[in-house]
Amino acid sequence: DAVFDSQVLQLSTPGNTFQGVQRDFTETTLQVGEFLELTLDFRYVAGPANNASGFRIGLGNTSEPGMYTFTYGTGTSAGANFLRHDNSDNGGSATAIGVASGTAGSINDQLVHSLLLRVTRTTDGVVLSSKVDNDEFVSNELTDVNVLFYSLNQIQVSSGNISDDFAIDNVQLALIP
């Protein structure tokens, strides 16, 4: 279980939607078979509003620019979707990639939850995978060469079209060969 201590980051955005935090890291170019994995713990400060894509986590590149984003449902609205944004601020035009396997879910409490986002490079493109807590992975493969990028240098955690405050902790990023 996650321990939220003095190092926790709490995001407070009264009345504002699509708000979050982002952090750049040293650019990493994925080779075939490698994946970059982002894990973190989070919780809502109060019960979240209903939205099928209320919570978002992304890995992107500020120079491509682009962002692979996983959205997850909040409140009583189940949802799970992958998006490919055409700019790294997660607010630009997004292409829905969808989920080819796994089921939608929802976070509807203030408990601590663990989230994982993985971008794996394949010979044909990238496989996007994510999971919340110990649920099954949801995933999809993206092979459209017109929208692919393999170099990543930014993480992002944000709300969707809700203005609920949340806290994050234990953020880890790992390149797995």
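Heads up: these notes are all about the structure in this document. This is a predicted model, so every value here is computed, not measured. (Residues numbered from 1 in each chain as written. Predicted model: local features only at pLDDT ≥ 70, side-chain atom pairs only at ≥ 80, totals over all residues. Heavy atoms only, no water.)

What about the side chain of Thr 71?
Take Thr 71: it is sitting in strand β5 (residues 66-74). When near neighbours in sequence (up to four residues on either side) are disregarded, Thr 71 contacts Ser 53, Phe 55, Arg 56, Gly 79, Ala 80, Asn 81 and Leu 83. (Helix = DSSP H or I, 4+ residues; strand = E, 2+ residues; numbered from the N terminus. Contact = heavy atoms within 4.5 Å.)

Some thoughts on the side chain of Ser 139
Relative to the elements of secondary structure, Ser 139 occurs in strand β11 (residues 138-142). Engagement of the side chain of Ser 139 in a polar contact is seen with the side chain of Ser 101, the distance being 2.9 Å. With residues up to four places along the chain from it excluded, the contact list for Ser 139 reads Phe 82, Val 99, Ala 100, Ser 101, Leu 128 and Ser 129. (Polar contact = N/O pair within 3.5 Å; in protein donor to acceptor, adjacent residues only side chain to side chain.)

Things to note about unusual backbone geometry
Outside of glycine, negative phi angles account for most residues, and trans bonds account for most peptide bonds. The phi dihedral of Asp 133 falls on the positive side, at around 55°, and the residue is not glycine. For Asp 133, the location among the structural elements is in the loop between β10 (126-132) and β11. Positive phi values are uncommon outside glycine, yet Asn 170 reaches one of about 55°. With respect to the helices and strands, Asn 170 occurs in strand β13 (residues 166-176).

Notes on the packing of aromatic side chains
Tallied over the entire structure, the rule returns eight aromatic pairs. An angle of 85° between the planes, with centres 6.4 Å apart, marks the rings of Phe 42 and Tyr 44 as edge-to-face. Exposure remark for Phe 42: the relative accessible area of 0% places this residue in the buried category. The class for Tyr 44 is buried, based on a relative accessible area of 0%. Plain terms: the ring middles of Tyr 68 and Phe 149 are 4.3 Å apart, the flat faces sit at 10° to each other, and that makes the pair stacked. (Phe/Tyr/Trp six-rings, centres within 6.5 Å; stacked < 30°, edge-to-face > 60°. Buried < 20%, exposed > 50% of the residue type's maximum accessible area, 1.4 Å probe, protein only.)

Digging into the nonpolar core
The biggest cluster of nonpolar side chains holds 31 residues, and the ones touching the most others in it are Phe 42, Ile 57, Leu 59, Tyr 68, Phe 70, Val 119 and Leu 152. Counting residues per element, this core draws most heavily on strand β3 (residues 35-44), at five residues. Aside from chain neighbours lying at most four places away, what touches Val 119 is Leu 30, Glu 34, Phe 35, Leu 36, Leu 59, Tyr 68, Val 126, Val 127, Leu 128 and Leu 152. (Core = buried A, V, L, I, M, F, W, Y, C linked by side-chain atoms within 4.5 Å.)

Quick notes on the pairing of β10
Across the seven residues that make up β10, a large majority, five, are buried. Alignment of strand β9 (residues 113-121) against β10, held across seven bridges, turns out to be antiparallel. Paired with Leu 117 across the bridge in β10 is Ser 130. Two successive antiparallel strands, β9 and β10, enclose a turn made up of four residues. The pairing of β10 with β11 spans five bridges and is antiparallel. Bridge pairing links Leu 128 to Asn 140 in β11. (Pairing = 2+ DSSP bridges.)

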